[in-house]
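The chain contents come next:
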Amino acid sequence: MAGDTVKIPGWLKPMNRAMVAVSRVGVALPMALLTVPGRKSGKLRTTPVTPFEYDGAEYVLGGIPGADWVKNVRAADTAELKIGRRKRTVRLVEVPAADSEPVLREFPRLVPTGVPVMIKSGVVTGDDPDEFAALAGRCTLFRIEDA
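The numbering scheme is per chain: residues are counted from 1 as the chain's sequence reads. Selection of residues for local features in this predicted model requires a pLDDT of at least 70, selection of side-chain atom pairs for listing and counting requires 80 or more, and totals for whole chains, interfaces and linings are taken over all residues. Each side-chain value is derived from all of the structure's non-hydrogen atoms; neither hydrogens nor water enter the calculation.

1. Re the overall build of the protein
Defined as follows: Numbered from the N terminus, helices here are DSSP runs of H or I no shorter than four residues, and strands are runs of E no shorter than two. Radius of gyration here is computed from C-alpha atoms only, and the compact-globule reference equals 2.2 Å multiplied by the residue count raised to the power 0.38. Note on classification: 1.4 Å probe, protein chains only; a residue is buried when its accessible area is under 20% of the maximum for its type, exposed when over 50%, partly exposed between these limits. Here, two residues are considered to be in contact whenever any of their heavy atoms come within 4.5 Å of each other. Exposure was quantified through the Shrake-Rupley algorithm and a 1.4 Å probe, taking into account, for residues, occlusion by the shown protein chains and nothing else.
Counting its regular elements, the protein contains five helices and seven strands. Going from N to C terminus, the protein has its helices and strands arranged as α-β-β-β-β-α-β-β-α-α-α-β. Computed over its C-alpha atoms, the radius of gyration of the protein comes to 15 Å, within 12% of the 15 Å expected for a compact globule of 147 residues. Dimensions of the protein, computed from C-alpha atoms along their principal axes, come out at roughly 35 × 30 × 30 Å. Looking at the protein as a whole, 42% of its 147 residues are labelled buried. Counting contacts in the protein only where the partners sit at least 6 residues apart, residues at least 24 apart contribute 66% of the total. A total of about 8100 Å² of accessible surface is found on the protein, and carbon and sulfur atoms cover 51% of it.

Pasting the structure below:
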């Protein structure tokens, strides 16, 4: 596993802002937009996420430890998830570390587009399923439920 030092790529925040802007003008993206109130300001914060399915449930991974959106989700009761033009109010339920291992093991196969960001951030060194399973307790996995 990569070291505990996580460096958020300098291009990630500007890219996320651009994706949010593009989506708001109606361009369909291969990801969703998650909107949640800020834990301190209460101001709505939007970030792109990639929901995925595993064993009949829908999940989203906080792939960079300490990400602000993860902290905001933990403080909020509900969030808005927008996929294309469809919006829904959801509750993101944090999956306990022990239960997240099998889901994380499948992440590189189910969300291959998320792997390069995690590699460049120093979270993992490659797409090895065992390395992703070992992220349980370090990266936050949420199960998406309708609110």
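Following the structure, the description resumes.
2. So, the confidence of the model for the protein
Inclusion rule: Per-residue confidence from the predictor is reported as pLDDT, which spans 0 to 100.
Overall, the predicted model of the protein reaches an average pLDDT of 90, with 94% of residues at or above 70. The weakest mean pLDDT in the protein belongs to helix H1 (residues 12-24) at 78; the strongest belongs to helix H5 (residues 129-133) at 98.

3. Side note on H1
Each full turn of the α-helix corresponds to 3.6 residues, which orients residues three or four apart in the same direction. Put simply, the test is: One fewer than the residue count of a helix, multiplied by 1.5 Å, yields its expected span. When we speak of the arc, we mean the arc of directions from the helix axis to the C-beta atoms.
Taking 1.5 Å per residue, 13 residues should reach 18 Å; H1 reaches 18 Å between its end C-alpha atoms and fits that length. All of the buried residues in H1 are Leu-12, Asn-16, Met-19, Val-20 and Ser-23. The arc that holds the buried residues of H1, viewed along the axis, is 100 degrees, so those residues lie on one side. Immediately downstream of H1, the backbone of Gly-26 shows phi near 105 degrees, a positive value.

4. Section: the packing of aromatic side chains
The condition is simple: Only Phe, Tyr and Trp rings are paired, with Trp represented by its six-membered ring, and only when their centres lie within 6.5 Å; those with planes under 30 degrees apart are stacked, over 60 edge-to-face, the remainder tilted.
With the rule as written, the count across this model stands at four aromatic pairs. Ring centres of Phe-107 and Phe-132 lie 5.7 Å apart, and the angle between their planes is 25 degrees; this geometry places the pair in the stacked category. Of this pair, Phe-107 sits in helix H3 (residues 97-110) while Phe-132 sits in helix H5, and the two are 25 residues apart along the sequence. For Phe-107, a relative accessible area of 5% translates into the label buried. Under the relative-accessibility criterion, Phe-132 is labelled buried at 0%. A network of ring pairs unites the aromatic residues Phe-52, Tyr-59, Phe-107 and Phe-132 as a single cluster.

5. Re the sheet that holds strand S2 (residues 44-49)
Applied cut-off: When DSSP finds at least two bridges between two strands, those strands are taken to pair. With axes taken as lines fitted to C-alpha atoms, and helix axes fitted only over the stretch in contact, angles between N-to-C directions fall between 0 and 180 degrees.
Spatially, the seven strands line up as an open sheet ordered S2-S1-S5-S6-S7-S4-S3, and their pairing is antiparallel. Strands at the two margins of the open sheet, each flanked by one partner only, are S2 and strand S3 (52-54). The average angle at which neighbouring strand axes cross in this sheet is 40 degrees, direction not considered. Those strands touched by helix H2 (residues 68-75) are strand S1 (32-37), S2, strand S4 (57-62), strand S6 (86-94) and strand S7 (140-146), and its axis lies near 45 degrees from that of S7. Lying over the sheet, H3 contacts S3, S4 and S7, oriented at roughly 130 degrees with respect to S3.

6. Observations regarding the pattern of salt bridges
So the rule is basically this: A pairing counts as a salt bridge when a side-chain nitrogen of Lys or Arg comes within 4 Å of a carboxyl oxygen of Asp or Glu.
This model, assessed by the stated rule, comprises seven salt bridges. With its nearest N and O atoms 3.5 Å apart, the salt bridge here joins Arg-39 to Asp-68. Here the residue Arg-39 occupies a position in the loop between S1 and S2, and Asp-68 occupies one in helix H2, the gap between them amounting to 29 residues. You can call Asp-68 partly exposed: its relative accessible area is 41%. Linking Glu-94 and Arg-74 is a salt bridge whose minimum nitrogen-to-oxygen distance equals 2.9 Å. Of this pair, Glu-94 sits in strand S6 while Arg-74 sits in helix H2, placing them 20 residues apart in sequence. The exposure class of Glu-94 is partly exposed, given its relative accessible area of 38%. Among the charged side chains, a network of salt bridges with common partners joins Glu-58, Arg-88 and Asp-146.

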